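A look at the structure
Residues per chain, in single letters:
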Amino acid sequence: DTAVSQTPKYLVTQMGNDKSIKCEQNLGHDTMYWYKQDSKKFLKIMFSYNNKELIINETVPNRFSPKSPDKAHLNLHINSLELGDSAVYFCASSQTGVGKNIQYFGAGTRLSVL
Amino acid sequence: SQQGEEDPQALSIQEGENATMNCSYKTSINNLQWYRQNSGRGLVHLILIRSNEREKHSGRLRVTLDTSKKSSSLLITASRAADTASYFCATENSNYQLIWGAGTKLIIKP
C-alpha cells in the first residue's frame, strides 16, 4: 500500500494550459505539503495544509492554487502554465508536534511545459 | 525559505569507503533530519537528531550535531552501490517547519 500517492507521474502539456495534480495519503497525518524541485534538485516548499487549512503559502504565483477537500487529500491546480513551471512536484505529509514532523513523500509528478 | 547549506555538492567514492556529508544552518532548531532521494523517486527519511543530542546511529549511518557551530554531518560507513543517491538535510524550526538544504549528490563507484 502506497503511503503517499500522487497522480499523474508524468505530465506533458502546452504553455497556457490548465492542469491538476492529485495527492492522497493514507497515513492518518494531519499536515500535507506541496514542493517544487527544479533541475538542480533544489527543493522549495510551496504550500502546507494542516487539517484542511492553509498554514504555509510561500511566494508562489497565484496561478497555483491548492485545494484540500479533506485532510487525506491535497490537490494542486495550475492555471496558464508557463515554461518555467517545468519541474518535479512532490506531495508530502507529516504529523504535527514536537519531533513528529517526519515527512513522507510521494514519488513525484514530472511536469514538462512545451 | 531555504537556509540549509550542504557540502560537498557532489561526492564520488569507491564502494566500501566511508562517505561524509555536511550540513550547516542559520537559526535555532528543534531537530535536524536527513533524507535520501534516489534518482526519479521521492525523498525518504533516514534519521532524526534532536537539538539536545550530539550523535545518533542507525545501521551504517552516523549523524552528529554541533549546535554551537550550527552544523551536522552524516557518515555512511562501508558504502554500497545502492547508497548512490542525493542526500538532503532539513532543520525543523520553532514553527515546526522544515527548512531544506540543497543536497549532496553521492555516487558510489563499483
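Details of the structure are given in the entry above.
The shown structure was predicted, so the numbers you read here are calculated from the model rather than taken from an experiment.

Looking now at the overall build of chain B. In terms of regular secondary structure, chain B is built from zero helices and eleven strands. The N-to-C order of helical and strand elements in chain B reads β-β-β-β-β-β-β-β-β-β-β. Taking the principal axes of the C-alpha coordinates as reference, chain B spans close to 40 × 25 × 20 Å. Buried positions account for 45% of the 110 residues belonging to chain B. A fraction of 53% describes how many contacts in chain B between residues 6 or more apart in sequence connect residues 24 or more apart. For chain B, the distance from the average site of its 13 positive side-chain charges to the average site of its 10 negative ones is 3 Å.

Let us look at the sheet that holds strand β8 (residues 73-78) of chain A. Within a sheet, adjacent strands bond to each other through the backbone by hydrogen bonds, running parallel or antiparallel. Residues and elements named next belong to chain A. The four strands are arranged β1-β3-β8-β7 in an open sheet whose pairing can be described as antiparallel. Each having just a single partner strand, β1 (4-7) and β7 (64-70) make up the two edges of the open sheet. Along the sheet, successive strands turn relative to each other by an average axial angle of 15 degrees, direction set aside. In this structure, strand β3 (residues 19-25) lies alongside β8, joined through four bridges in antiparallel fashion. Each bridged residue has a counterpart across the sheet, and for E24 the counterpart in β8 is H73.

All right, on to the sheet that holds strand β1 (residues 5-7) of chain B then. Residues and elements named next belong to chain B. Spatial ordering of the open sheet is given by β1-β3-β8-β7-β6, a layout of five strands whose pairing is antiparallel. The sheet terminates laterally at β1 and β6 (55-58), the two strands that pair on one side only. Direction aside, the axes of adjacent strands within the sheet are offset by 15 degrees on average. Both β6 and strand β7 (residues 61-66) contribute to a ladder of four bridges, which runs antiparallel. Bridge pairing links S58 to L61 in β7.

Criteria and cut-off values
- Residues numbered from 1 in each chain as written.
- Chains lettered and ligands numbered in written order.
- Predicted model: local features only at pLDDT ≥ 70, side-chain atom pairs only at ≥ 80, totals over all residues.
- Heavy atoms only, no water.
- Helix = DSSP H or I, 4+ residues; strand = E, 2+ residues; numbered from the N terminus.
- Buried < 20%, exposed > 50% of the residue type's maximum accessible area, 1.4 Å probe, protein only.
- Contact = heavy atoms within 4.5 Å.
- Lys, Arg positive; Asp, Glu negative; His and termini not counted.
- Charge placed at Lys NZ, Arg CZ, Asp CG, Glu CD.
- Pairing = 2+ DSSP bridges.
- Axes fitted to C-alpha atoms, helices over the stretch in contact; angles between N-to-C directions.

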